[in-house]
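# Topology and contacts: notes
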Amino acid sequence: MAFDAIVVGIGGMGSAAAWHLARRGRRVLGLERFDIPHAMGSSHGVTRIIRLPYYEDPAYVPLLHRAYALWRELEAAAGERVLITTGSVDAGPEDGAVFQGALESARLHRLEHEVLDAAALGERFPAYRHLPPGTRAIFQPQGGFVLSERAIVAHVHAAQEAGAEIHARERVLHWDARPGGEGVAVTTDKARYEAARLVLTAGAWMADIAPLLGGLAVPERQVLAWLQPRRPDLFAPERFPVFNLELAEGRYYGLPVWEVPGFKFGRYHHRGETTPADSMRREADAEDERLLRAFAERHFPDGAGPTMALRACMFTNTPDEHFILDRHPDHPQVVLASPCSGHGYKFCSVVGEVLADLACGDGATRHDIGFLRLARFRGPDAA
Ligand SMILES: Cc1cc2nc3c(=O)[nH]c(=O)nc-3n(C[C@H](O)[C@H](O)[C@H](O)COP(=O)(O)OP(=O)(O)OC[C@H]3O[C@@H](n4cnc5c(N)ncnc54)[C@H](O)[C@@H]3O)c2cc1C
């Protein structure tokens with residue numbers, strides 16, 4: 001057999017999986033349909049938030065601790081920084097999902113944190129304005145951001161150094177699993193390959209390459225804005241922690257100025273536009289800009305100068321917005337990773353390790369991923 005493992009999709013998750021498999025001595029082939037890196041999927045736009053008091057579910061926190069450690073390992077391997085610490089703010093109504101969830105995670109996992117009211121938040125970080133009365137925030141000092149495209153390149157370099165073969169501009173058309181869990185054949189637009197194991201990390205294209213994820217991995221158009229701050233000092237990484245902010249009009253996230261000369265932010269589920277990945281509208285329009293600018297003008301007026309950039313990107317949502325990390329129920333030699341519903345990049349480093357666990361030997365992993373298994377959507381009678 002030519003390869004021990006083929007990884008389909010060398011974006012955030014796949015580049016990490018390729019490294020973890022290769023560093024365990026596996027012969028790895030990574031196949032990517034676009035360039036490495038590229039701006040057609042879910043990982044472009046320079047930066048992604050990382051934060052520890054996870055309001056989505058405290059069960060992510062142990063994975064996050066490992067993700068941090070592995071980002072630092074990657075930095076050592078690559079000789080460059082990929083994770084910048086700014087602290088994180090998770091804010092919203094006192095009884096809202098963001099504040100309450102972050103508080104629960106922080107308490108349960110004994111994370112260093114401070115609780116701030118709206119006035120204290122504004123005093124500490126003067127970029128914030130007009131927060132609704134009753135807003136509460138968790139400040140956590142280890143939050144920050146990962147340089148997402150740089151980290152893909154760093155994972156690919158590290159994988160190649162460990163012996164992986166990576167091909168860009170080669171699209172996987174289909175794969176066949178041999179019966180009895182023994183091996184796969186993968187056909188691309190250039191060649192055919194055989195391997196013992198297959199790891200599918202195709203991002204927004206997951207349901208195309210793994211049809212059992214139809215309806216369970218649904219791409220959604222998302223737009224990011226970068227606006228020039230009128231007071232750049234307030235939006236520098238040293239003074240502006242990454243944030244999640246729950247408001248009556250939606251849930252927003254944002255980051256300090258980095259690389260692009262603008263304060264970066266977006267709205268979760270932007271305009272609710274689900275879309276097949278290949279036909280996503282890639283241009284941002286006037287309505288995208290209006291919607292995002294209205295948020296900045298109200299709550300971050302010193303950050304709402306001229307528009308510097310607008311970029312469309314894809315979330316891929318599961319029905320409960322949690323990840324899917326599992327072996328294929330019919331083909332144990334095939335491992336699946338969903339693109340993680342708009343909050344997965346920070347986990348790429350640890351997801352790479354989990355996928356390598358699932359693809360090696362009997363698929364045992366020391367990570368607690370029970371809540372991320374595919375079975376939760378398939379019911380007890382599924383084959
Ligand atoms: C606007 C936006 C903001 C976000 N903000 C955050 C954040 O702040 N923090 C956070 O943690 N997460 C965030 N996320 C989510 C995070 O970015 C995603 O969870 C993550 O990027 C998904 O990585 P992936 O590897 O699954 O997808 P990708 O990086 O897109 O990789 C999938 C790869 O598979 C390739 N591929 C697909 N089909 C084939 C095929 N047939 N053959 C070969 N290759 C194929 C694609 O070309 C692509 O390169 C955000 C997402 C978006 C869109």
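Quick caveat: nothing in here was measured; it's all calculated off a predicted structure.

Attention now goes to the pattern of salt bridges. For the coordinates displayed, the defined rule picks out 28 salt bridges. For the salt bridge of arginine 221 with glutamate 273, the shortest nitrogen-to-oxygen distance reads 2.7 Å. Of this pair, arginine 221 sits in strand β13 (residues 218–227) while glutamate 273 sits in the loop between β16 (263–267) and α7 (286–299); the two residues are 52 residues apart in sequence, bridging distant segments of the chain. For the pair arginine 221 and glutamate 273, one class covers both residues: buried. Each of Arg221, Arg271, Glu273, Arg281, Asp285 and Asp288 takes part in one network of salt bridges that share partners.

So, on to the state of the cysteines. Applying the stated criterion to the full structure yields 0 disulfides. In this structure cysteine 360 is not part of a disulfide, and its nearest cysteine sulfur, from cysteine 348, lies 19 Å away. Residue cysteine 360 is classed as buried on the basis of its relative accessible area of 11%.

Moving on to the packing of helix α1 (residues 12–23) against helix α2 (residues 61–78). Contact geometry for α1 and α2: axes closest at 13 Å, N-to-C directions at 75°. Classified by the angle between their axes, α1 and α2 sit roughly perpendicular to one another. Taking contact as the criterion, the partners of Trp19, His20 and Arg23 in α1 are, on α2, Leu70, Glu73, Leu74 and Ala77. Residues belonging to the contact of α1 with α2 are distributed by class as follows: 4 nonpolar, 1 polar and 2 charged.

It is worth spelling out the site of the ligand at this point. Close to the ligand lie 36 residues; Glu32, His38, Ser43, Cys313 and Pro339 are nearest. Between the ligand and the protein, one listed contact pairs an oxygen atom with a side-chain N or O atom of arginine 48 at 2.8 Å. A total of 1000 Å² of accessible area belongs to the ligand in isolation, and the protein chains cover 97% of it. Elements with a minimum of two residues in the shell around the ligand: α1, β3 (47–50), β13 and β17 (307–317). No other element matches β17, which puts 3 residues into the shell around the ligand. Here the shell around the ligand is composed, by residue class, of 17 nonpolar, 13 polar and 6 charged.

Among the nonpolar cores identified, the biggest contains 58 residues, and Ile6, Leu200, Phe243 and Phe300 are the most heavily contacted of them. Setting aside chain neighbours within four positions, we find isoleucine 6 in contact with Leu29, Leu31, Val186, Tyr193, Glu194, Ala195, Arg197, Leu198 and Val199.

This part covers the sheet that holds strand β8 (residues 144–147). Backbone-to-backbone hydrogen bonds pair the strands of a sheet. The strands run either parallel or antiparallel. Spatially, β3-β8-β4 is the arrangement adopted by the 3 strands of the open sheet, whose pairing is antiparallel. Looking at strand neighbours, the two that pair on one side only are β3 and β4 (83–85), the edges of this open sheet. Sheet twist, expressed as the average angle between the axes of neighbouring strands with direction ignored, equals 30°. Across 3 bridges, the pairing between β4 and β8 is antiparallel. Within β8, the position partnered with leucine 83 by the bridge is valine 146. Taken strand by strand, α2 contacts β3, β4 and β8, and its axis lies near 120° from that of β4. Across the face of the sheet, helix α5 (residues 148–161) comes into contact with β3 and β8 while running at roughly 50° to β8.

So, about unusual backbone geometry. Along the chain, isoleucine 36 connects to proline 37 via a cis peptide bond; the corresponding omega equals -10°. As for its position among the elements, proline 37 is in the loop between β2 (28–31) and β3. In the Ramachandran plot, arginine 169 falls in the positive-phi region, its phi being about 55° despite a non-glycine side chain. With respect to the element layout, arginine 169 can be found in the loop between β9 (165–167) and β10 (172–177). Phi angles above zero are rare outside glycine, and histidine 269 is one such case at about 60°. In this structure, histidine 269 sits in the loop between β16 and α7.

A few words on the sheet that holds strand β6 (residues 114–117). Strands sit in the order β6-β7-β5-β14-β15-β16-β13-β17 across an open sheet of 8 strands; the sheet is mixed. Pairing within the sheet leaves two strands with one partner each, and these edge strands are β6 and β17. The average angle at which neighbouring strand axes cross in this sheet is 20°, direction not considered. The pairing of β13 with β17 spans 10 bridges and is classified as antiparallel. The partner of glutamate 220 across the bridge, within β17, is phenylalanine 315. Its contacts with the sheet place helix α3 (residues 97–108) against β5 (88–93), β6, β7 (135–140), β14 (242–247) and β15 (250–255), and it is angled at close to 130° to β5.

In total, this model carries 29 aromatic pairs according to the counting rule given. On the numbers, 6.0 Å between centres and 70° between planes, the contact of tyrosine 128 with phenylalanine 243 is edge-to-face. With tyrosine 128 in the loop between α4 (118–124) and β7 and phenylalanine 243 in strand β14, this pair connects stretches of sequence that are 115 residues apart. A centroid spacing of 5.0 Å and a plane angle of 80° characterise the contact between phenylalanine 323 and phenylalanine 347, whose relative ring orientation is edge-to-face. Of the two residues, phenylalanine 323 is situated in the loop between β17 and β18 (325–327) and phenylalanine 347 in the loop between β19 (334–337) and α8 (348–359); the sequence distance between them amounts to 24 residues. Given a relative accessible area of 1%, phenylalanine 347 falls into the buried group. A connected cluster of aromatic rings, assembled from ring pairs, spans Tyr128, Phe235, Phe240, Phe243, Tyr252, Phe263, Phe265, Phe295 and Phe300. Sitting over the face of the ring of phenylalanine 139, arginine 124 holds its NZ or CZ atom 4.9 Å from the ring centroid.

Reading the values: rules and limits
- Residues numbered from 1 in each chain as written.
- Predicted model: local features only at pLDDT ≥ 70, side-chain atom pairs only at ≥ 80, totals over all residues.
- Heavy atoms only, no water.
- Salt bridge = Lys/Arg side-chain N within 4 Å of Asp/Glu carboxyl O.
- Helix = DSSP H or I, 4+ residues; strand = E, 2+ residues; numbered from the N terminus.
- Buried < 20%, exposed > 50% of the residue type's maximum accessible area, 1.4 Å probe, protein only.
- Disulfide = S-S within 2.5 Å.
- Axes fitted to C-alpha atoms, helices over the stretch in contact; angles between N-to-C directions.
- Parallel < 35°, antiparallel > 145°, perpendicular 65-115°, else oblique.
- Contact = heavy atoms within 4.5 Å.
- Nonpolar A, V, L, I, M, F, W, Y, C, P; charged D, E, K, R; others polar.
- Near = heavy atom within 4 Å.
- Polar contact = N/O pair within 3.5 Å; in protein donor to acceptor, adjacent residues only side chain to side chain.
- Areas by Shrake-Rupley, 256 points an atom, 1.4 Å probe, with all protein chains shown as cover.
- Core = buried A, V, L, I, M, F, W, Y, C linked by side-chain atoms within 4.5 Å.
- Pairing = 2+ DSSP bridges.
- Phe/Tyr/Trp six-rings, centres within 6.5 Å; stacked < 30°, edge-to-face > 60°.
- Lys NZ or Arg CZ within 6 Å of the ring centre and 35° of its normal.

In short, shape yes, function no, at least from these values alone.
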